Amino acid sequence: MNSRSSSRAASNAAAFTSSSASSGDSRKRSRNPPTTNPQRPLRSKAKSPFADFRSYMVEKNRKLRAQFQADATTSSLGAGSSRADSGDDKGIFHGVSIFVDGFTIPSSQELRGYMLKHGGRFENYFSKHTVTHIICSNLPDSKMRNLRCEQVFLVNFASSVLICSLLSIVFGLFWLRAFSHGLPVVRPQWVLDCLAANRLLNFCSYFQLIMWGMPMKLVLPPEGQCFRCDGPSGQASEELECMKVEKLFGEINANPESTDLEVKFSVPPASGAIPTPLSMINKSYMGHQKIHESLDSSVNCIGASNQGHSTLTDPNFVENYFKSSRLHFIGTWRNRYRKRFSNLLTGYKSSNEKTNCCVTKQKASIIHVDMDCFFVSVIIRNFPDLVDKPVAVCHSNNPRGTAEISSANYVARNYGVKAGTFVRDAKACCPHLVILPYDFEAYEEVAEQFYSILHKHCSKVQALSCDEAFLDVTVCDDDPEEIASMIRKEIEDTTRCTASAGIAGNLLLAYLATRSAKPNGQRFIPSEKVEDYLKDLPVMALPGIGYATYEKLKSRQIQTCGQMYMISKEALQKDFGIRIGDMLWNYCRGIDNRTVEVVQERKSVGAEVNWGIRFNNLTDCHHFLVNLCKEVSLRLQGCGLQGRAITLKVKKRKKGAAEPLKFMGCGDCESVSRSITVPVATDNVVALQRIAKQIFASFHVECDYEYSHIDVKEVRGIGLHITKLESSDISRKVQLAFMCLTSDQDGDCLKPEGVAKSTLKF
DNA sequence: ATCCTCCCCTAC
DNA sequence: TAAGGTAGGGGAGGAT
Ligand SMILES: Nc1ccn([C@H]2C[C@H](O)[C@@H](COP(=O)(O)OP(=O)(O)OP(=O)(O)O)O2)c(=O)n1
Ligand SMILES: [Mg+2]
Ligand SMILES: [Mg+2]
C-alpha cells in the first residue's frame, strides 16, 4: 500500500515493443502531400451512349455524384438529363464556377439560374479549390442595406450590444472580400453581357473595385472593455463604441437557405427548434434505463436487421459504431464532465494571468491522480476471483481476432499485454488471459465519483481524462502527501477501485511520479531528487514524446533524458522546431511551466470514423457523410457552439498498401483534408451538409478509377471537424432580434417567448 | 513578422 | 470477426 519506489517506469521496455505494434499497418503516416491537385473536375468525354457495361457504370456513377453535388454545388451536370452533356455543346459558362458574394443585382438566385442553364457551376460556399469567379456588386448597395437595418434596429432596441453584432456582420463582408485569393472579382453585369453576346467575355473590364476591401479586423475585447475596430495598418482607425459587453461572440446564425449576407433571418429549423441537446441524452452513458433510446430504431427490432459492422451493411453506422467505441467514449468524456461539473468550473478565473505573483514565490505543489487499469478495475469488481489473474477488457475473446485490448491489469501486463494490443497477440503471450466486456455506464459512474472526491479536497482540479487529473494544492494547508493519501483512500472506499498518485513541484514531475508509483501507490519527488530521477529515464516516458519523436531522437543517439540534457536548446529547436525543441530542453531538466487549468476553452468540435468504412458506391458514401453531419450538428448544438470553419477529412488506402491487418480497419492510409471558412458561424445540419458536400465534391471521389482522384472503394475513413467556434447564445439572440426587424418575413417564427427572452437579456 | 491551411503527433 | 475517437499542440510552407 505504501509508495514503493519501483523502478518499473525506467526499466520498462514498453517503448521498444511498441514498434512491433505498428508494423506495416495503418499507424504509419505519409508525409506526402496529396499527390493530386483536384483543382478542376476531370470530365470524361462521354461519347457514344454506353458502349459496354463499364462505361454504363461510369456514367451512372457520374450522375450519382452530380446529383449528390447538387446540394452544395450546382452545375449543369447536376441539372439533369435534359441537357445533352456531350461533345461541343457545352454552355457558354462551361468551366466557370461562380461564388456570389453578398447582395447582387441580379440576385444570386438569378445568377445561379443563368449558370445552370449555360453550363456553368454555382458554389454556395467559397473555396479557392472550386470557385473560378467571385461575383460581387458595388459595395454601397449592400452596405446601405445593412446600415438601414442598423437604424431600424436602433429604433427598435436601442441596444449597443446589438450594434456590435451588426458591425461584425458588416465586417463579415470585408472578410469575405479578403477571401478572393487572387480570383477575379467580377460584377454581375459580366454574366448578363456574356449571355447577351452568347459567349464567354473577357472579364477584365468587369473587375469589381474593391473599395473597402482592405482586410479589417474586428477586435473582440475582453469582458467589459472597449470595443475597437483596427484598420489595416494597425492604427486604431475608429473608436466605435465604448460599452460594457458581457460577452460578444459573433454573428447571426448561418442561414441554410442562402449565403447572401443580407440574409432573410429565418430560423434554421433544426437548430432553432430543439433547445435540449437530445444528442447528449441519447448518448448518455448514464441512462440506467434506456428510455430515450426508444426514439431511435436501432435498439428496437426495426433497424436491427440492417445492423452490421461496416458501412456496407448498416445504414445507421455512425450512431451504432459510436455506441460501442471505447475511444469515442474516452474522447467525448470531457464534454460530459464539463456539463456534469459546470457549477464547479464556471466563474473560475483563468489562472493564465500571472497575477499569482505572490504564489509563484511559493513553490507549487501539484498532485497527479490516475486510476489503476481503469477499465479493468471497474469491471473486475464483479469478479473478485479474478483479482490475481491476468485480465483485460476487450470487445472480443476470439484468440485469433484483431480486437484491441483497452486496458489490462497489472498481472496481465507482466506478460506483455497492454492497451492497444490485438487480442490474438495478447492471447499468444498470455494464454490464460481473461477477457471481460466493456461497461461504459460503469466507467461513467466511477469517473463521476472520482471527480466528486477530487473536487471535495481541492478547488483547483484539471481533468485530463475520465480517470486522471491534476490538482494544485499549493495553497492547501495540509501536507500534499497526506492529501494524496486521503484522496486515494476515499477513492478506493467509494469505488472499490484503486488509484495512484504523484506529488511534485510541477505538472511534469507529478505526472512522472504517478507512473513510478503505479499500481496502487503514491510517490513524492522532491526537487533535490529530480536530476537523479530523470537521468536514466527513457525519453519516451516524457509526455509529448511518442513514437515518432522517439525514433527521431534515437537516430540522434538520444534515448534517455540524461542524454538529451547534453544537447543545446538551439540544436533541439533546429531539429524539432521552436516550441517542441523548447519543450524537450525543459522537460529533460524537469522544468515545466504549465499551470493547472480548471477551465479549458474548447477550440473544435468534430467526429470521425476510421473503422468499418467500406463503400461500393457513392450513394452509400454520401449517406454516411450526411449522417456524420447530423452527428456533428447535434454535438455543436449540444454544447451551444457554432463554428465558421468546416474541415472534411478523407482517409484513402495508400497506393500499394495491403488489406488492413485489423478486421474492418483502415490500414495504411493517406489522408486529405480541406476546409472552408464561412462568414457566419453555424451549427445547422443543412448548412453543414451543404458545405461538407461541396468539399467532398472537390476531392473527386468517384467510382471510376481512371477519372477520379479517389476511388470510393478505397475510402477508409471520414471525419468532419468544426473550428473557429463561437457561442451560439448571442448569435441566436441577434438572429431573433433581426427576425423582429424584418418581421415581414417568417413572422410565424417569432415565438413571443423567444423574443421576450432575447430582449430581456439586453 | 503574422496569419492561414494542411497536415502530423500525442494522450487518454 | 469488431466497434482505429477526440482535441490540442505545433511545424512546414505559402499568402499577405
Ligand atoms: N490506448 C488506450 C488507452 C486508454 N484506454 C482507456 C482504458 C483505460 O483503462 C483508460 C485510462 O487510460 P490509462 O492510460 O490511465 O490506463 P489504465 O488506467 O488502464 O492503466 P494505468 O494503471 O496505467 O493508468 O482509458 C483505451 O481504451 N485505449
Ligand atoms: Mg489509469
Ligand atoms: Mg489515465
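The structure under discussion appears in the preceding block.
Residues numbered from 1 in each chain as written. Chains lettered and ligands numbered in written order. Predicted model: local features only at pLDDT ≥ 70, side-chain atom pairs only at ≥ 80, totals over all residues. Heavy atoms only, no water.

Novice: Explain the overall build of chain A here, please?
Specialist: The helix and strand tally for chain A stands at 29 helices and 22 strands. Looking at chain A as a whole, 51% of its 762 residues qualify as buried. Taking as baseline every contact in chain A between residues at least 6 positions apart, the subset at least 24 positions apart corresponds to 71%. Looking at chain A as shown, the accessible area adds up to about 36500 Å², and 54% of this sits on carbon and sulfur atoms. (Helix = DSSP H or I, 4+ residues; strand = E, 2+ residues; numbered from the N terminus. Buried < 20%, exposed > 50% of the residue type's maximum accessible area, 1.4 Å probe, protein only. Contact = heavy atoms within 4.5 Å. Areas by Shrake-Rupley, 256 points an atom, 1.4 Å probe, with all protein chains shown as cover.)

Novice: Even after reading the chapter, I still don't get the packing of aromatic side chains, so can you show me in this structure?
Specialist: For any pair of aromatic rings, the description consists of the separation of the ring centres together with the inter-plane angle of the planes. The final tally for this structure, using the stated rule, is 25 aromatic pairs. Taking the centre distance of 6.1 Å and the plane angle of 65 degrees together, the rings of Phe329 and Phe375 count as edge-to-face. In this pair, Phe329 sits in helix H12 (residues 326-340) while Phe375 sits in helix H15 (residues 374-380), placing the two residues 46 residues apart along the sequence. Relative to Tyr438, the ring of Phe375 has its centre 6.2 Å away and its plane inclined at 80 degrees; by these criteria the two rings are edge-to-face. One end of the pair, Phe375, is in helix H15; the other, Tyr438, is in the loop between strand E12 (434-436) and helix H18 (440-457), with 63 residues separating them in the sequence. (Phe/Tyr/Trp six-rings, centres within 6.5 Å; stacked < 30°, edge-to-face > 60°.)

Novice: For this particular structure, what's the right way to read the pairing of strand E17 (residues 605-609)?
Specialist: Regular strands have side chains that alternate between both faces of the sheet. Here E17 shows one buried face, formed by Val605, Ala607 and Val609, and one open face, formed by Gly606 and Glu608. Where E17 lies against strand E22 (residues 715-727), five bridges are found, and the strand directions are antiparallel. Residue pairing in the sheet places Val609 in a bridge with Ile718 of E22. (Pairing = 2+ DSSP bridges.)

Novice: Teacher, can you tell me more about the coordination of the magnesium ion (ligand 2) here?
Specialist: Four donors placed tetrahedrally around a metal ideally meet at 109.5 degrees, and six donors placed octahedrally ideally meet at 90 or 180 degrees. Binding of the magnesium ion (ligand 2) to the protein goes through Asp370 (OD), Met371 (O) and Asp467 (OD), at separations of 1.9 to 2.2 Å. Classification of the site at the magnesium ion (ligand 2) as octahedral follows from its six donor atoms and the range of 75 to 177 degrees in their angles at the metal. Each donor residue of the magnesium ion (ligand 2) belongs to the same chain, and together they define the spacing D-M-x95-D. Between the magnesium ion (ligand 2) and the magnesium ion (ligand 3), a separation of 3.4 Å is found, and both are coordinated by Asp370. (Donors = N, O, S within 2.8 Å, 3.2 Å for Na, K, Ca; no water. Tetrahedral: all angles 85-135°; square planar, octahedral: opposite > 155°, others 65-115°.)

Novice: Help me understand unusual backbone geometry in this model?
Specialist: Residues other than glycine predominantly adopt negative phi, and peptide bonds predominantly adopt the trans conformation. In this model, Ile105 is joined to Pro106 through a cis peptide bond whose omega is 0 degrees. Tracing the chain through its elements places Pro106 in the loop between strand E2 (97-101) and helix H4 (108-117). In this structure, the amide linkage connecting Lys518 to the following residue, Pro519, adopts the cis form with an omega of -5 degrees. With respect to the element layout, Pro519 can be found in the loop between helix H20 (507-517) and strand E16 (522-524). Here the phi dihedral of Gln557 falls at roughly 65 degrees; this positive angle occurs in a residue that is not glycine. Here Gln557 lies in the loop between helix H22 (547-554) and helix H23 (561-565). Among the residues examined, Gln557 registers a relative accessible area of 62% and is labelled exposed. One non-glycine residue, Met664, adopts positive backbone phi at about 65 degrees. Secondary-structure assignment places Met664 in the loop between strand E18 (641-653) and strand E19 (669-682).

Novice: Help me out: how do you make sense of the sheet that holds strand E13 (residues 461-465) in this one?
Specialist: Hydrogen bonds along the backbone pair up the strands of a sheet, which may run parallel or antiparallel. An order of E13-E14-E9-E15-E16 is seen for the five strands of this open sheet, with the pairing classed as mixed. Edge positions in the open sheet fall to E13 and E16, since each of these has one partner strand only. Taking the axes of each pair of neighbouring strands and ignoring which way they run, one obtains an average angle of 15 degrees across the sheet. Of the pairings in the sheet, the one linking E13 to strand E14 (residues 468-472) comprises four bridges and is antiparallel in character. Its bridge partner lying in E14, Val461 is registered against Leu471. Strand contacts of H20: strand E9 (366-371), E13, E14, strand E15 (499-504) and E16, with the helix running at about 140 degrees to E15, the strand carrying the most contacts. (Axes fitted to C-alpha atoms, helices over the stretch in contact; angles between N-to-C directions.)

Novice: Where do I start with the site of ligand 1 in this structure?
Specialist: Near ligand 1 you find 14 residues, and of these Arg326, Ser406, Ser407, Tyr410 and Arg413 are the closest. Between an oxygen atom of ligand 1 and a side-chain N or O atom of Asp467, the distance comes to 2.9 Å. One nitrogen or oxygen atom from the side chain of Lys518 is found 3.0 Å from an oxygen atom belonging to ligand 1. Starting from 550 Å² of accessible surface for ligand 1 in isolation, the protein chains cover 78%. Taken together, the elements giving at least two residues each to the shell around ligand 1 come down to E9, H15 and helix H16 (410-413). A class-by-class count of the residues in the shell around ligand 1 yields six nonpolar, two polar and six charged. (Near = heavy atom within 4 Å. Polar contact = N/O pair within 3.5 Å; in protein donor to acceptor, adjacent residues only side chain to side chain. Nonpolar A, V, L, I, M, F, W, Y, C, P; charged D, E, K, R; others polar.)

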